[in-house]
Amino acid sequence: MLPAFVITGFLGSGKTTLLINSAREYFKNKKVAVIVNEIGEVGVDGKILKNAYSEVLELPEGCICCSLHSEFEKALEEIKEKYNPEVLLVETSGAAVPFPVVISLQALGCTVEGVLCVVDCANFERYKEDSTAKYQIGGSNILVLNKIDLVDSPKLEEIKREVMEIWHTHRPVNYFTNEPYYTKVKLYEAFYGKLPKEVFEGIYTLAQLKDIPHNHEHTYRQRVINLIDPVDYRALEEKLRSLPDKVIRAKGIVRLKNYPIPVAINYSFGYIDSPIDVPHYKGPSFLVLIEEA
Ligand SMILES: Nc1nc2c(ncn2[C@@H]2O[C@H](COP(=O)(O)OP(=O)(O)OP(=O)(O)O)[C@@H](O)[C@H]2O)c(=O)[nH]1
Ligand SMILES: [Mg+2]
């Protein structure tokens with residue numbers, strides 16, 4: 001059985017960061033395959049993750065829990081056959097719910113060693129009423145309260161309480177018995193996705209589950225902006241700051257004026273992070289905006 005981890009969580013919460021900062025370290029002596037799914041046809045994370053992992057498969061467009069269900073299963077078969085990984089890490093799109101992904105993984109012979117939901121403490125207030133966000137929390141058995149550097153401790157305690165409440169009320173339930181599938185959950189605090197080793201040591205393995213139907217609304221859409229010439233960083237920052245509120249996430253890989261290496265740009269809920277170098281990137285410059293439909 002191939003051990004697999006699912007990383008879920010709202011747009012911009014820190015899923016890719018966790019894969020780079022935590023998981024890579026713990027699995028450095030293993031053959032790891034990563035499957036990453038993003039909203040829209042232009043992926044950014046796959047390109048960033050390729051800096052950290054040798055086998056990265058991008059599943060662009062659609063949502064792996066709904067329209068891409070069969071493509072996800074095909075990709076999984078392919079990756080197992082060609083690469084024969086020892087560990088599989090799946091980053092779902094910020095608009096997907098994890099439970100159907102867990103079912104697909106188990107159906108294809110993976111042991112799900114944990115479903116991690118990354119919670120963005122800095123922006124939780126803004127997205128906590130979103131139903132997808134609630135089912136992401138409920139469908140996970142490891143809750144990672146990330147970006148703790150951006151909130152004070154009373155706020156963190158309040159988020160903990162709210163997240164636990166959401167987990168209790170949004171767990172997937174067996175329709176026949178009315179019993180929740182998950183009975184236990186573990187909560188961690190994290191700074192840039194850093195987690196203790198135990199998370200990856202198979203102590204949160206899920207029992208084999210049965211299929212259940214699901215539906216959830218997709219209320220986000222993607223817009224891509226292609227940038228032909230290198231841009232001035234200050235001007236780009238200003239543009240990002242003046243984006244309308246409905247744009248909750250912007251990311252991309254761009255070339256800057258007076259800087260030789262392409263950089264990854266990361267903006268979520270009005271917050272702009274320092275650009276990260278993506279030295280191997282040879283493609284065109286672009287920005288992806290994800291906005292409420
Ligand atoms: N201040 C702070 N920023 C963080 C932390 N963790 C992640 N970030 C930043 O948050 C931004 C989004 O991180 P990602 O890892 O790309 O988030 P994601 O969940 O993969 O985003 P999507 O795949 O687009 O949904 C990046 O700029 C990160 O550097 C943290 O603990 N503190
Ligand atoms: Mg990501």
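Just so we're clear, the structure is a prediction, and the values are computed from it rather than from any experiment.

**Q** What exactly am I supposed to notice about the overall build of the protein chain here?
**A** Assigned secondary structure in the protein chain consists of 8 helices and 13 strands. Against the 2.2 N^0.38 benchmark of 19 Å for 293 residues, the protein chain shows a C-alpha radius of gyration of 18 Å, consistent with a compact globule. Summarising its shape, the C-alpha atoms of the protein chain cover approximately 60 × 45 × 35 Å along the three principal directions. Looking at the protein chain as a whole, 43% of its 293 residues are labelled buried. Taking as baseline every contact in the protein chain between residues at least 6 positions apart, the subset at least 24 positions apart corresponds to 76%.

**Q** Before we go on, may I ask you to explain the site of ligand 1 in this structure?
**A** In the region of ligand 1, 23 residues are neighbours, and Thr16, Thr17, Gly94, Asn266 and Asp273 sit closest. Looking at the shell around ligand 1, the elements with two or more residues in it are helix 1 (15-26), strand 9 (247-254) and strand 10 (263-268). The greatest single-element share of the shell around ligand 1, amounting to 3 residues, is contributed by helix 1. Here the shell around ligand 1 is built from residues that sort into 5 nonpolar, 11 polar and 7 charged. When we break the shell around ligand 1 down by domain, the ones giving at least three residues each are domain 1 (2-200) and domain 2 (220-292).

**Q** Hey, could you run me through the sheet that holds strand 5 (residues 110-120) in this one?
**A** Strands belonging to one sheet form pairs held by backbone hydrogen bonds; the direction of such a pair is parallel or antiparallel. Read from one edge to the other, the open sheet built from 7 strands follows the order 3-2-4-1-5-6-7, with strand pairing classed as parallel. Edge strands, defined here as strands with exactly one partner in the open sheet, are strand 3 (55-59) and strand 7 (186-189). Between one strand and the next, the sheet's axes are offset by a mean angle of 20°, whatever the strand orientation. In terms of strand pairing, strand 1 (residues 2-9) meets strand 4 (residues 87-91) through 4 bridges, oriented parallel. Looking at strand 4, one finds that Ile7 is bridged to Glu91.

**Q** Explain the nonpolar core here, please?
**A** Note on soluble globular proteins: their nonpolar side chains tend to be buried together. Ranked by size, the top nonpolar core spans 73 residues in total, and within it Val6, Val119 and Val144 carry the most contacts. At 7 residues, strand 5 tops the list of elements feeding residues into this core. Both domains that furnish three or more residues to this core are identified here as domain 1 (2-200) and domain 2 (220-292). Among residues more than four places away in sequence, those in contact with Val144 are Leu18, Leu116, Cys117, Val118, Val119, Tyr188, Ala190 and Leu195.

**Q** Any chance you could explain the domain arrangement of the protein chain here in plain terms?
**A** When the parts of a complex come together, some accessible area is lost, and that lost area is often taken as the interface size. Annotation of the protein chain at the domain level lists domain 1 (2-200) and domain 2 (220-292). Of the residues belonging to the side of domain 1 that touches domain 2, the class tally is 7 nonpolar, 4 polar and 2 charged.

**Q** Would you take a moment to explain the environment of Glu189 for this structure?
**A** Its place among the elements puts Glu189 in strand 7. Between the alpha carbons of Glu189 and Lys147 there is a distance of 8.4 Å; along the sequence they are 42 residues apart.

**Q** I keep staring at helix 7 (residues 153-169) and nothing clicks. Help me out?
**A** Owing to its 3.6 residues per turn, the α-helix aligns residues three or four sequence positions apart on the same side. A rise of 1.5 Å per residue sets the reference length of helix 7, with its 17 residues, at 24 Å; its end C-alpha atoms lie 25 Å apart and thus fit the reference within 8%. Among all positions in helix 7, only Ile159, Val163, Ile166 and Trp167 are buried. Mapping the buried residues of helix 7 onto a view down its axis gives an arc of 100°, with all of them on the same face. Residues of helix 7 that are exposed and point over 90 degrees away from its buried face: Pro154, Glu157, Arg161, Glu165, His168 and Thr169. On its buried side, helix 7 packs onto strand 5, helix 5 (124-127), helix 6 (131-138) and strand 6 (142-146).

**Q** Sorry, what's going on with helix 1 here?
**A** The end-to-end C-alpha distance of helix 1 is 16 Å, a good match for the 16 Å that 12 residues give at a rise of 1.5 Å each. Within the span of helix 1, buried status applies to Lys15, Thr16, Thr17, Leu18, Leu19, Ile20, Ser22 and Ala23. Contacts made by the buried residues of helix 1 are with strand 1, strand 2 (32-37), helix 2 (45-49), strand 4, strand 5 and strand 6.

**Q** Which parts of the structure should I look at to understand the pairing of strand 10?
**A** The side chains of a regular strand alternate between both faces of the sheet. Most of strand 10 is tucked away: 6 of the 6 residues are buried. A two-sided burial pattern is seen for strand 10, the buried positions comprising Val263, Ile265 and Tyr267 on one face and Ala264, Asn266 and Ser268 on the other. By the bridge criterion, 6 bridges tie strand 9 to strand 10 in an arrangement that is antiparallel. The residue bridging Val254 from the neighbouring strand is Val263, located in strand 10. In this structure, strand 10 lies alongside strand 11 (residues 271-272), joined through 2 bridges in antiparallel fashion.

About the thresholds
Residues numbered from 1 in each chain as written. Chains lettered and ligands numbered in written order. Predicted model: local features only at pLDDT ≥ 70, side-chain atom pairs only at ≥ 80, totals over all residues. Helix = DSSP H or I, 4+ residues; strand = E, 2+ residues; numbered from the N terminus. Rg over C-alpha atoms; globule rule 2.2 N^0.38 Å. Buried ≥ 20, exposed ≤ 12 C-beta atoms within 10 Å, placed from the backbone. Contact = placed C-beta atoms within 7 Å. Near = placed C-beta within 6 Å. Nonpolar A, V, L, I, M, F, W, Y, C, P; charged D, E, K, R; others polar. Domains from an automatic or database assignment. Pairing = 2+ DSSP bridges. Axes fitted to C-alpha atoms, helices over the stretch in contact; angles between N-to-C directions. Core = buried A, V, L, I, M, F, W, Y, C linked by C-beta atoms within 7 Å. Expected span 1.5 Å × (residues − 1). Arc of directions from axis to C-beta.

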